[in-house]
Amino acid sequence: MKKILLSGLLLAAAVVAKAQNSEVDNAEKMMMIGQMDKAKESIDKAAVHPKTANQAKTYLLKGKIYGAIALDTAKKNLDYDPTQIAYESLNKAKELDTKKQLDETELKNGYFNVYASAYNKGIAANNKEDYQTALKEFKFASEVNPQDTSLYLNIGIMAEKVKDNASAKASYQKLADMNYNKEPYIYHQLAEMYKAEGNKEAVVATLDKGRKIFPTDNTLMIDEINFYLGEGKPDVIVEKLNKAIEADPANKTLFFTLGVTYENMKKPEEAKAAYKKALGLDPNYFDANYNLGALYYNEAAEIIKKANMLPSNKVKEYDAERAKFQAKATEALPYLEKAYEVNPKDRNVLISLKEVYARTNQKDKYAKVDAALKALE
């Protein structure tokens, strides 16, 4: 009797194991033909049964099924969080696969589906302006695929939107550590965050790296200039720019930035020379034309300001200063007019030209720019 009973128990065990293995097989079959509800039902049963609950294959398949559900918007109602379950299942499969028998390609594809699902959910949440959810999904996607730099950029942007500065800084720093070369914004923003903390060493390191990767980016150049000016070290900027110019003498932006630096140092003649070198490389360079014209006109404005302070009986002196003003304003005009030619809708150029034409009594030109200004209103 005991022998018959033992045989019966073994037979029953074999039948149950076969039934549960058939659940795994059925889950795979249902997944292949797109019947994800049935595939989910079978794999859920297999994942809790003692005979198949500790098999790597079970969890690999569960990860694939839940990953497919997560990617298919029509099937997401099959589970409240298929992406998370898919990820946990794939991790469990790796943990159980002590003999490394799983197909690596299948495993990678499973993780890719999890990553893609989380990424898509992040994009969808951002489009709905649900930035907190978007941040959560992008962070999750970065766990699955830590090499995707676009995720860290998205994390940083979403974190800024929800005022999570710690996450934004960590994400931008991660990109900087990876020598990210697609968006200079992250170096600008990271430097600003460190500046707000008073971490000058980190500001310098961030700007140095950003400038090396984006040597012609105006925003980073200005950031660097402002930082060293604030530190009372404008000579550092001049030295950096001159070294950069030696290495790249055909770079108009470097000369323009040198001009801006000299202006901030109250060295107008050096600034003019730098702007003119930039224009020698590109006569249509709007910024250099405008800055040079404005520099000349500001000098002219100072002259007339002093002239207007003279006593009324100082007629000769006033006339002399007035002549100096006219000469200086005339020097400004070619550059301002060129800037206007390059960008006829720039409000600052129009305002500057209007003032010059008014003070130099050029009525027709004054009327033209005045009309152009009103058209922009």
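Since we're looking at a predicted model, the values are computed, not measured.

### Description of the overall build of the protein chain
- A tally of helices and strands in the protein chain yields 18 helices and zero strands.
- Taken over C-alpha atoms, the radius of gyration comes to 35 Å for the protein chain, far larger than the 21 Å a tight globule of 377 residues would show.
- For the protein chain, buried positions account for 43% of its 377 residues.
- Of the contacts formed within the protein chain by residues at least 6 apart in sequence, a portion of 52% connects residues at least 24 apart.
- When the accessible surface of the protein chain is totalled, it reaches about 20900 Å², and 52% of it is carbon and sulfur.
- A gap of 2 Å separates the mean positions of the 57 positive and 54 negative side-chain charges of the protein chain.

### Thoughts on helix 8 (residues 165–177)
- The end-to-end C-alpha separation of helix 8 is 18 Å, in line with the 18 Å expected for 13 residues at 1.5 Å each.
- Buried residues of helix 8: Ser 167, Ala 168, Ser 171, Tyr 172, Leu 175 and Ala 176, and no others.
- Those residues of helix 8 hidden inside the fold are in contact with helix 6 (131–144), helix 7 (149–161), helix 9 (185–197) and helix 10 (200–213).

### So, the UniProt feature "repeat: TPR" (unreviewed entry) in the protein chain
- As recorded in UniProt, the feature "repeat: TPR" (unreviewed entry) lies at residues 115–148 and 252–285.
- End C-alpha to end C-alpha, residues 252–285 measures 8 Å, and it is 79% helix and 0% strand.

### Considerations on the packing of aromatic side chains
- One pass over the structure, following the stated rule, counts 12 aromatic pairs.
- Ring pairing ties together the aromatic residues Phe 112, Tyr 115, Tyr 119 and Phe 138, which thus form one cluster.
- The cationic tip of Lys 161 hangs over the ring face of Tyr 131; the distance from NZ or CZ to the ring centre is 4.8 Å.
- The positively charged end of Lys 252 is found above the aromatic ring belonging to Tyr 285, 4.5 Å away from the centroid.

### So, the environment of Lys 161
- Of note, Lys 161 is situated in helix 7.
- For Lys 161, a relative accessible area of 43% puts it in the partly exposed group.
- In the structure, Lys 161 is positioned 31 residues away from Asp 130 in sequence and 9.9 Å away in space, judged by C-alpha atoms.

### Thoughts on the side chain of Thr 360
- The residue Thr 360 is located in the loop between helix 17 (347–359) and helix 18 (363–376) in this model.
- Beyond its immediate chain neighbours, meaning those up to four positions away, Thr 360 contacts Gln 326 and Ala 329.

### Side note on helix 16 (residues 315–342)
- With 28 residues, helix 16 extends 40 Å from end C-alpha to end C-alpha; this agrees with the ideal 40 Å at 1.5 Å per step.
- Of all bends in helix 16, the biggest is about 30°, found at Leu 333, and the proline Pro 334 comes one to four residues later.
- Residues of helix 16 that are buried sit in contact with helix 14 (268–281), helix 15 (286–308), helix 17 and helix 18.

### With respect to the side chain of Thr 206
- Among the structural elements, Thr 206 can be located in helix 10.
- Side-chain polar atoms of Thr 206 contact the backbone oxygen of Ala 202, separated by 2.8 Å.
- Contacts of Thr 206, omitting those with residues within four sequence positions, involve Tyr 187, Leu 190, Ala 191 and Tyr 194.

### Looking at the pattern of salt bridges
- Tallied over the full model, the rule gives 21 salt bridges.
- It is possible to trace a salt-bridge network through shared partners that takes in Glu 269, Lys 272, Glu 299, Lys 328 and Glu 331.

### Points about the environment of Asn 284
- Tracing the sequence through the fold places Asn 284 in the loop between helix 14 and helix 15.
- Classification of Asn 284 as partly exposed rests on a relative accessible area of 42%.
- It is 9.8 Å that separates the C-alpha atoms of Asn 284 and Tyr 335, two residues lying 51 residues apart in sequence.
- Setting aside chain neighbours within four positions, we find Asn 284 in contact with Asn 289, Lys 338 and Val 342.

### Things to note about the packing of helix 6 against helix 7
- Interhelical geometry of helix 6 versus helix 7 gives an angle of 155° and a closest axis separation of 9 Å. In this view, helix 6 runs roughly antiparallel relative to helix 7, as classed from their interaxial angle. In this structure, helix 6 crosses over helix 7, and the sense of that crossing is left-handed. Contacts between helix 6 and helix 7 involve Tyr 131, Ala 134, Leu 135, Phe 138, Lys 139, Ala 141 and Ser 142 on the former and, on the latter, Leu 151, Tyr 152, Asn 154, Ile 155, Met 158, Ala 159 and Lys 161.
- Broken down by class, the residue content of the contact of helix 6 with helix 7 amounts to 10 nonpolar, two polar and two charged.

Cut-off values and rules
- Residues numbered from 1 in each chain as written.
- Predicted model: local features only at pLDDT ≥ 70, side-chain atom pairs only at ≥ 80, totals over all residues.
- Heavy atoms only, no water.
- Helix = DSSP H or I, 4+ residues; strand = E, 2+ residues; numbered from the N terminus.
- Rg over C-alpha atoms; globule rule 2.2 N^0.38 Å.
- Buried < 20%, exposed > 50% of the residue type's maximum accessible area, 1.4 Å probe, protein only.
- Contact = heavy atoms within 4.5 Å.
- Areas by Shrake-Rupley, 256 points an atom, 1.4 Å probe, with all protein chains shown as cover.
- Lys, Arg positive; Asp, Glu negative; His and termini not counted.
- Charge placed at Lys NZ, Arg CZ, Asp CG, Glu CD.
- Expected span 1.5 Å × (residues − 1).
- UniProt positions renumbered as here; feature names shortened; annotations may be inferred.
- Phe/Tyr/Trp six-rings, centres within 6.5 Å; stacked < 30°, edge-to-face > 60°.
- Lys NZ or Arg CZ within 6 Å of the ring centre and 35° of its normal.
- Bend = angle between axes of the 7 residues up to and from the residue.
- Polar contact = N/O pair within 3.5 Å; in protein donor to acceptor, adjacent residues only side chain to side chain.
- Salt bridge = Lys/Arg side-chain N within 4 Å of Asp/Glu carboxyl O.
- Axes fitted to C-alpha atoms, helices over the stretch in contact; angles between N-to-C directions.
- Parallel < 35°, antiparallel > 145°, perpendicular 65-115°, else oblique.
- Left-handed = near helix turned anticlockwise from the far one by under 90°.
- Nonpolar A, V, L, I, M, F, W, Y, C, P; charged D, E, K, R; others polar.

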